[in-house]
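# Examination of the molecular architecture
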Number of protein chains: 2
Amino acid sequence: MKQLLVTNPTCQFCSFSNVCEKDSAQKPLGLKVKSQQVHQRGSSLFSMGDKFDALYIMRSGSAKTCLLSQEGEQQIASFHYAGDIVGLDGFDTEQHAHNLTFLETSSVCRIGLVEFNRAMAESAIVRQSVLKSMSHLLVGEQQVLFSNSQYNAEQRLANFLLNLSARFEQRGLSALRFNLSMTRIDIANFLGLAFETVSRLLSKMQQQKTINVNHRQVSLLNIDKLRQTLLCGAEAKLSTNFSSQAA
Amino acid sequence: MKQLLVTNPTCQFCSFSNVCEKDSAQKPLGLKVKSQQVHQRGSSLFSMGDKFDALYIMRSGSAKTCLLSQEGEQQIASFHYAGDIVGLDGFDTEQHAHNLTFLETSSVCRIGLVEFNRAMAESAIVRQSVLKSMSHLLVGEQQVLFSNSQYNAEQRLANFLLNLSARFEQRGLSALRFNLSMTRIDIANFLGLAFETVSRLLSKMQQQKTINVNHRQVSLLNIDKLRQTLLCGAEAKLSTNFSSQAA
DNA sequence: CGTTCTATTGACATCATTCAACGCCGGTGG
DNA sequence: CCACCGGCGTTGAATGATGTCAATAGAACG
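Residues numbered from 1 in each chain as written. Chains lettered and ligands numbered in written order. Predicted model: local features only at pLDDT ≥ 70, side-chain atom pairs only at ≥ 80, totals over all residues. Heavy atoms only, no water.

Before going further, it helps to spend a moment on the interface of chain B and chain A. The interface of chain B with chain A comprises 63 residues on the first partner and 63 residues on the second. In total, about 5,800 Å² of surface goes out of reach between chain B and chain A, with carbon and sulfur atoms giving 58% of it. Taken as a group, Asp92, Gln142 and Leu145 of chain B account for 12% of the area that chain B buries against chain A, more than any other trio of residues on that side. Linking chain B with chain A are 20 residue pairs in polar contact (both at pLDDT 80 or more). Listed by contribution, the elements that provide at least two residues to the side of chain B that touches chain A are strand E4 (62-68), strand E5 (74-81), helix H1 (113-122), helix H2 (124-150), helix H4 (184-191), helix H6 (223-231) and helix H7 (234-239) of chain B. It is H2 of chain B that provides the largest number of residues to the side of chain B that touches chain A, a total of 20 residues. (Contact = heavy atoms within 4.5 Å. Buried area = accessible area lost by both parts, 1.4 Å probe. Polar contact = N/O pair within 3.5 Å; in protein donor to acceptor, adjacent residues only side chain to side chain. Helix = DSSP H or I, 4+ residues; strand = E, 2+ residues; numbered from the N terminus.)

Spelled out as structure tokens, the structure:
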């Protein structure tokens, strides 16, 4: 159903393909995408404090969302791929709350805020899509939180690789062989680890024939073993550390 | 401006007070609150997998949002106080993605999904408020992520206390003396620490006259010292660990 | 073709967890 | 009224996972 009216293959997996007017004039209540932009690796789409005047949808490439503290420390909150909507952080204060930096040459569709508000007013489908997207992001953040505080280093990395794998698969790419567009430093920052730890663990997993790494190219050789990594230690924790249901 | 039409004092700090029709019939495009509910400590408002059919606004008391893995491990993603909107996780899959458990006797306002959708269709202010709330939650989650991976145990706890203090102050309560409605176990889980570590740090802070703790009652004796805790170690990290702006 | 960024690997240090013992408090039942 | 019990909280000692520091080498880019 989603794909019916979409002619551009890169739009196929966009969360807004069913409301986008880019490729079709048959949806008068949809979102009008005003322009497209191409950005180089390392460049920013917006930064903390910038005026919030548009939402963007990743059309190709990849990007990272970073928080920066006053002290100059950064925290990567998420990675984005084609079809992901970015910029939703701006509604809170009408300024962007984080930076969006591209990890490789990428393109985005821009939706001006005025146009967005018009579409929200006129179309129930647009409202539904937006709420769904934001809700999904919220739940995703919570799962990252879970991973980063319940899992050990190896489990976090396994989880990270499995998540990437799933996202590539959703986009019609290979779930077992893909490219990391981010550095080890970025991965480590995202997972709350030292980058040396990430490097060591990737080597270890390769030794154990669980994965194969060559620079940024990753192959998952034994995806079941990766999944089992996430379960290890769970039964041990079951007895202790149980929190107060009735405090 | 927000408070002008609000007669009930407990609504004063609600994010939806400007669109709520509970206390006034003068806002025909606002949200109709259909009912109120009172819940006991330890009881749940909704659980993972429950059908999503309403949003709720905390009216009094406090609650926690928990993710539960299949293995039975839980992760507390946030704590909620009067005025907070909860249930927004449901838009993603039309089922709730986490549990909401009350930490003390609490009451909530219920907004049925049908009524919510009507208000979203009809009122720009409602749309604005909802987007703002969700965006705020998103940014808040990211800050928790930052705290839990960039800060050490003491900094996380200091940050936690300062955040609570700010939230109480926003609600017109004392910023320097307040009650913890959650257990040490809950705090530790939220901060990604062992509960013994939280207990030890609270004792240490008390020894250093930074705070005073008596069971659940906390006084911030030296709030500047707490704030400085967050800066400690920042300059050391500035040189190293800088991630790739241009990967 | 050299500089800079990224990545790997080893040795060592340390912060936080784990395990354990114990006290406190509120509730419940004899 | 007192004894018991379970959940919560505190504190100590030992262990270990991960961070830190350091040396080196390969890629990328101008």
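On we go from here.
Around DNA strand C sit 19 residues, and of these Arg184, Ser199 and Ser203 of chain A together with Ala153 and Thr197 of chain B come closest. Put simply, 60% of the atoms of DNA strand C that lie within 4 Å of the protein are in sugar or phosphate. The side chain of arginine 200 of chain A places a nitrogen or oxygen atom 2.8 Å from a base nitrogen of DNA strand C. In the model, a base nitrogen of DNA strand C is placed 3.2 Å from a nitrogen or oxygen of the glutamate 196 of chain B side chain. Counting residues per element, the ones that place at least two in the surface near DNA strand C are helix H5 (195-207) of chain A together with helix H5 (195-207) of chain B. Looking at the surface near DNA strand C, the element that brings in the most residues is H5 of chain A, giving five residues. Across the surface near DNA strand C, the residue classes tally to six nonpolar, seven polar and six charged. (Near = heavy atom within 4 Å. Nonpolar A, V, L, I, M, F, W, Y, C, P; charged D, E, K, R; others polar.)

Mapping chain B onto chain A calls for a rotation angle of 180 degrees and an axial translation of 0.0 Å; the resulting RMSD is 0.0 Å. With respect to symmetry, the two chain copies, as superposed, fit the operation of a two-fold axis. (Least-squares fit on C-alpha atoms with pLDDT ≥ 70 in both.)

The next thing to look at is the environment of glutamine 207 of chain A. With respect to the secondary-structure elements, glutamine 207 of chain A resides in helix H5. Judged by its relative accessible area of 66%, glutamine 207 of chain A is exposed. (Buried < 20%, exposed > 50% of the residue type's maximum accessible area, 1.4 Å probe, protein only.)

This part takes up the pattern of salt bridges. Where charged atoms of side chains with opposite charge meet at close range, the side chains can pair. In total, this model carries 16 salt bridges over all chains according to the counting rule given. For the salt bridge of lysine 64 of chain B with aspartate 186 of chain B, the shortest nitrogen-to-oxygen distance reads 3.2 Å. Within this pair, whereas lysine 64 of chain B is found in strand E4, its partner aspartate 186 of chain B is found in helix H4, the two being separated by 122 residues in sequence. By the burial criterion, lysine 64 of chain B is buried, and aspartate 186 of chain B matches it. A salt bridge links glutamate 154 of chain B to lysine 204 of chain B; the nearest nitrogen and oxygen atoms lie 3.1 Å apart. Taken as a pair, glutamate 154 of chain B in helix H3 (residues 153-170) and lysine 204 of chain B in helix H5 lie far apart in primary sequence, 50 residues in all. Through salt bridges that share partners, Asp84, Arg167 and Arg171 of chain A make up one connected network. (Salt bridge = Lys/Arg side-chain N within 4 Å of Asp/Glu carboxyl O.)

With that settled, the discussion passes to helix H1 (residues 113-122) of chain A. When we look at burial in H1 of chain A, the residues that qualify are Leu113, Glu115, Phe116, Ala119 and Met120 of chain A. Taken around the axis of H1 of chain A, the buried residues stretch over an arc of 160 degrees, which confines them to a single face. Buried residues along H1 of chain A sit in contact with strand E3 (54-60), strand E8 (106-112) and helix H2 (124-150) of chain A together with H1 and H2 of chain B. (Arc of directions from axis to C-beta.)

For an α-helix, the turn length of 3.6 residues means that residues three or four places apart are oriented alike. Residue and element names in this part refer to chain B. Taking 1.5 Å of rise per residue, 18 residues should cover 26 Å, and H3 covers 26 Å from first to last C-alpha, within 8% of that figure. Residues Gln155, Arg156, Leu157, Ala158, Asn159, Phe160, Leu161, Leu162, Leu164, Ser165 and Phe168 constitute the buried set of H3. One side-chain oxygen at the N-terminal end of H3 lies 3.1 Å from the backbone nitrogen of glutamate 154; it belongs to asparagine 152. (Expected span 1.5 Å × (residues − 1).)

A separate point is the sheet that holds strand E11 (residues 217-220) of chain A. All names here are of chain A. The sheet built from three strands is open, its strands ordered E9-E11-E10 with antiparallel pairing. The open sheet is flanked by strand E9 (177-179) and strand E10 (211-214), the only strands paired with a single partner. Going from strand to strand, the sheet's axes swing by 15 degrees on average, the running direction of each strand aside. As paired elements, E9 and E11 share three bridges and run antiparallel to each other. Directly across from asparagine 179, in E11, lies its bridge partner glutamine 217. This element, helix H3 (residues 153-170), spans E9, E10 and E11 of the sheet and lies at about 100 degrees to E9. (Pairing = 2+ DSSP bridges. Axes fitted to C-alpha atoms, helices over the stretch in contact; angles between N-to-C directions.)

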